[in-house]
Amino acid sequence: MTHGPRLTRLAQSLPATVPFVGPEAQERTRGAAFAARIGANENVFGPSPKAIKAMQRTASEIWMYGDPESHDLRAALARHHGVTPENIMVGEGIDGLLGYLARLTIESGDRVITSDGAYPTFNYHVAGFGGELVKLPYRDDREDLPALLEKAAETQAKLVYFANPDNPMGTWTDGAEIEAALDSIPEGTLLILDEAYVEFAPAGIAPRIDIDDPRVVRMRTFSKAYGMAGARVGYAMGAAPLINSFNKIRNHFGMNRTAQAGALAALDDPQYLAQTIADVAHARDEITRIATANGLTALPSATNFVAVDCGADGAFAKSVLDQLVARGIFVRMPFAAPGNRCIRISCGRPADLALLEETLPKALAAARG
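Residues numbered from 1 in each chain as written. Predicted model: local features only at pLDDT ≥ 70, side-chain atom pairs only at ≥ 80, totals over all residues. Heavy atoms only, no water.

**Brief notes about the overall build of the chain**
Consideration 1: Looking only at helices and strands, the chain has 13 helices and 12 strands in total.
Consideration 2: In terms of C-alpha radius of gyration, the chain reaches 21 Å, essentially the compact-globule figure of 21 Å for 369 residues.
Consideration 3: Seen along its three principal axes, the alpha-carbon backbone of the chain occupies a region of about 60 × 55 × 50 Å.
Consideration 4: Taking all 369 residues of the chain together, 54% fall into the buried category.
Consideration 5: In the chain, the proportion of contacts linking residues at least 24 apart, taken out of those at least 6 apart, comes to 74%.
Consideration 6: When the accessible surface of the chain is totalled, it reaches about 16800 Å², and 53% of it is carbon and sulfur.
Consideration 7: Distance from the positive charge centre (36 side chains) to the negative charge centre (43 side chains) of the chain: 6 Å. (Helix = DSSP H or I, 4+ residues; strand = E, 2+ residues; numbered from the N terminus. Rg over C-alpha atoms; globule rule 2.2 N^0.38 Å. Buried < 20%, exposed > 50% of the residue type's maximum accessible area, 1.4 Å probe, protein only. Contact = heavy atoms within 4.5 Å. Areas by Shrake-Rupley, 256 points an atom, 1.4 Å probe, with all protein chains shown as cover. Lys, Arg positive; Asp, Glu negative; His and termini not counted. Charge placed at Lys NZ, Arg CZ, Asp CG, Glu CD.)

As structure tokens, this is what we get:
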């Protein structure tokens, strides 16, 4: 007799992998810590001191569950965005919310549209609920929203994923272009607008969309500009009926009590956020300068990372990445061609970028050799 769990046929068909190999796993493999951790788009400038103090104060209260409604944080976010708390759902980062959204909308065989090379965690969740992914290429290093919506109409897709600004390329679409495309959303299709990096973007990139528009759900996070990636706090904004539907399937005690307090305090410190955005802009300029000095091309970025075109194919870019990693610099690269001609470098502190400046010429020489 064979013993063991009886997995679903879908679970049996899926690989036991995660979308990203974390820097910690890479450190264990190489047997040494990274000297510069500038590959996961983390905000190395960290959270607001107010957020740190709030989390320290609540550490002694960690014996209590977090508020399953995230009431105070949702109310503060509603005031921040000029909407109602019924338009906001807080969750375990955008990753967690994407998983809930897939669970709400996707059944076996349902089609979902995304860009080839776009955020792989979304694909992971869609596959986990049996969805059929349809991928379209980038156009000029940008996700092609009109083409995505056209394919959604052709395939009767339930979801369209679109990140603005984009990860992994750092490029963007003007908000006015997105607004103009809204009427092209097919009936029965929901547009997921992933705005994880929007705080770093220039004015005009965030579109003006009525919060009660049932065709769109927007995703935001405290992981990037607010410097709280390890706390796992994200939120969805959209029409109240969709937002309320999350309550049918979400983990009601999934939100850490201390993380909720930290996010609430971070939201109340716009001065620190402004300083972080300025620090990131300076670091982008530094990465661009270093890339140019080494004969490489930095793509314009509206995020806290820069995609650097290595000037050849994906194999060469992978070799450059490997050489940087071997020398203690953690970076990543896009997965799909033609984006995989680039390496992706997160904005670092001055010491991180000084180490990059010293190491990049050696990595390029080794890759070319």
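**Brief notes about the sheet that holds strand β9 (residues 297–298)**
Consideration 1: Overall, antiparallel pairing links the 3 strands, which are arranged β9-β10-β12 in an open sheet. Two strands bound the open sheet, and with one partner strand each, they are β9 and β12 (342–346).
Consideration 2: Here strand β10 (residues 305–309) runs beside β12; their pairing, made up of 5 bridges, is antiparallel. Opposite valine 308, over in β12, you have isoleucine 343 as the bridge partner. (Pairing = 2+ DSSP bridges.)

**Brief notes about the nonpolar core**
Generally speaking, soluble globular proteins have nonpolar side chains that are buried together.
Consideration 1: The biggest cluster of nonpolar side chains holds 92 residues, and the ones touching the most others in it are Ile192, Phe222, Val233, Val320, Leu324, Ile343 and Leu356.
Consideration 2: The contacts of isoleucine 343, once residues within four sequence positions are left out, are Val306, Ala307, Val308, Cys310, Ala317, Val320, Leu321, Leu324, Arg332 and Met333.
Consideration 3: Among the nonpolar cores identified, the runner-up in size contains 18 residues, and Leu145, Ala181, Leu191 and Val216 belong to it. (Core = buried A, V, L, I, M, F, W, Y, C linked by side-chain atoms within 4.5 Å.)

**Some thoughts on the sheet that holds strand β2 (residues 88–91)**
Consideration 1: Ordered by their spatial adjacency, 7 strands build an open sheet running β2-β8-β7-β6-β5-β3-β4, and the pairing between neighbours is mixed. Two strands in the sheet have a free side with no partner beyond their single neighbour: β2 and β4 (132–136). In this sheet, adjacent strand axes meet at a mean angle of 20° when their direction is disregarded.
Consideration 2: Across 5 bridges, strand β5 (residues 159–163) lies against strand β6 (residues 190–194) in parallel orientation. Bridge assignment links tyrosine 161 to a residue of β6, and that residue is isoleucine 192.
Consideration 3: In this fold helix α5 (residues 93–105) packs onto β2, β5, β6, β7 (216–221) and β8 (234–238), with an angle of close to 155° to the strand it touches most, β7. (Axes fitted to C-alpha atoms, helices over the stretch in contact; angles between N-to-C directions.)

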